Amino acid sequence: RKEVEQDPGPFNVPEGATVAFNCTYSNSASQSFFWYRQDCRKEPKLLMSVYSSGNEDGRFTAQLNRASQYISLLIRDSKLSDSATYLCVVTVNDYKLSFGAGTTVTVRA
Amino acid sequence: GAVVSQHPSRVICKSGTSVKIECRSLDFQATTMFWYRQFPKQSLMLMATSNEGSKATYEQGVEKDKFLINHASLTLSTLTVTSAHPEDSSFYICSAPHREVYSGANVLTFGAGSRLTVL
């Protein structure tokens, strides 16, 4: 079983729609969780950290469910510019970071 | 915020030559650097982890003699693709962990990537 698994998608949604997807992790000792965004032919960039109580950054909401070992990302009022691949990154300690293969989101006009 | 500078961004070389890619942490010390490879429309694949002052740790299936990694200082790690062949053409990205000020969590900052094309 992979350490971090994501639904690859693609999630094709119209502008203005809400899209949500999860990332599951296998190591119960995982400590920190992040969502990264990767645009085509570019490097991944940190979108947001995921805190235990859940957190929101504008149209983006991240949740952590430790009991079921998954994190989620919800995008409200999707924009064309939200089209990207979203990677989840999970850390066990300072030197063990695992990331998923990414979920592709395509927002259409 | 933390920045990792990666060079060159793009390189085209002839088959059989060696190519060196550098990653520098600009405003923090990177005792660890991760090196990845990404083929078109595929996910990032971790190749190796370099640690300052010690030998790199390679992932299964990655040839250490072909992909030479050197982490000579706290701010510089290099990846050398030796005797490159067309199948080595790929997008190579480095990343370094550093402490997020707000949470104290270890966050990855990625270099901009190096696109290697071997003719």
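Residues numbered from 1 in each chain as written. Chains lettered and ligands numbered in written order. Predicted model: local features only at pLDDT ≥ 70, side-chain atom pairs only at ≥ 80, totals over all residues. Heavy atoms only, no water.

1. Describing the layout of surface pockets
- Its boundaries defined by the atoms lining it, the largest pocket holds a volume of some 600 Å³.
- If you go around the largest pocket, you meet 19 residues; those closest to its centre are Ser98(A), Phe99(A), Leu44(B), Met45(B) and Leu46(B).
- Those elements that provide at least two residues to the lining of the largest pocket are β1 (4–6) and β10 (96–99) of chain A together with β5 (45–51) of chain B.
- Ranked by residue count, the leading element in the lining of the largest pocket is β10(A), at four residues.
- Grouping the constituent residues of the lining of the largest pocket by class yields nine nonpolar, five polar and five charged.
- Each pocket or cavity is described by its volume, and for the second largest pocket that value is around 510 Å³. (1 Å grid on protein atoms, 1.4 Å probe; cavity = no way out; pocket = protein on both sides within 12 Å on 5 of 7 lines; lining within 4 Å. Points joined across faces, edges and corners; volume = space filled by probe spheres on them. Helix = DSSP H or I, 4+ residues; strand = E, 2+ residues; numbered from the N terminus. Nonpolar A, V, L, I, M, F, W, Y, C, P; charged D, E, K, R; others polar.)

2. Remarks on the packing of aromatic side chains
- Evaluated as defined, the whole model comprises eight aromatic pairs over all chains.
- Residues Tyr25(A) and Phe33(A) carry aromatic rings whose centres are separated by 4.9 Å and whose planes lie at 45° to one another, so their mutual orientation is tilted.
- For Phe33(A), a relative accessible area of 1% corresponds to the buried category.
- Seen in terms of ring centroids, Tyr36(B) and Phe110(B) are 5.7 Å apart; in terms of plane orientation they differ by 35°. Their pairing is tilted. Pair noted here: Tyr36(B) is in strand β4 (residues 32–38) and Phe110(B) is in strand β10 (residues 106–110), with a separation of 74 residues, a long-range link. With respect to class, Tyr36(B) is no different from Phe110(B); both count as buried.
- Clustering of aromatic rings is evident, with ring pairs tying together Phe11(A), Phe21(A), Trp35(A) and Tyr86(A). (Phe/Tyr/Trp six-rings, centres within 6.5 Å; stacked < 30°, edge-to-face > 60°. Buried < 20%, exposed > 50% of the residue type's maximum accessible area, 1.4 Å probe, protein only.)

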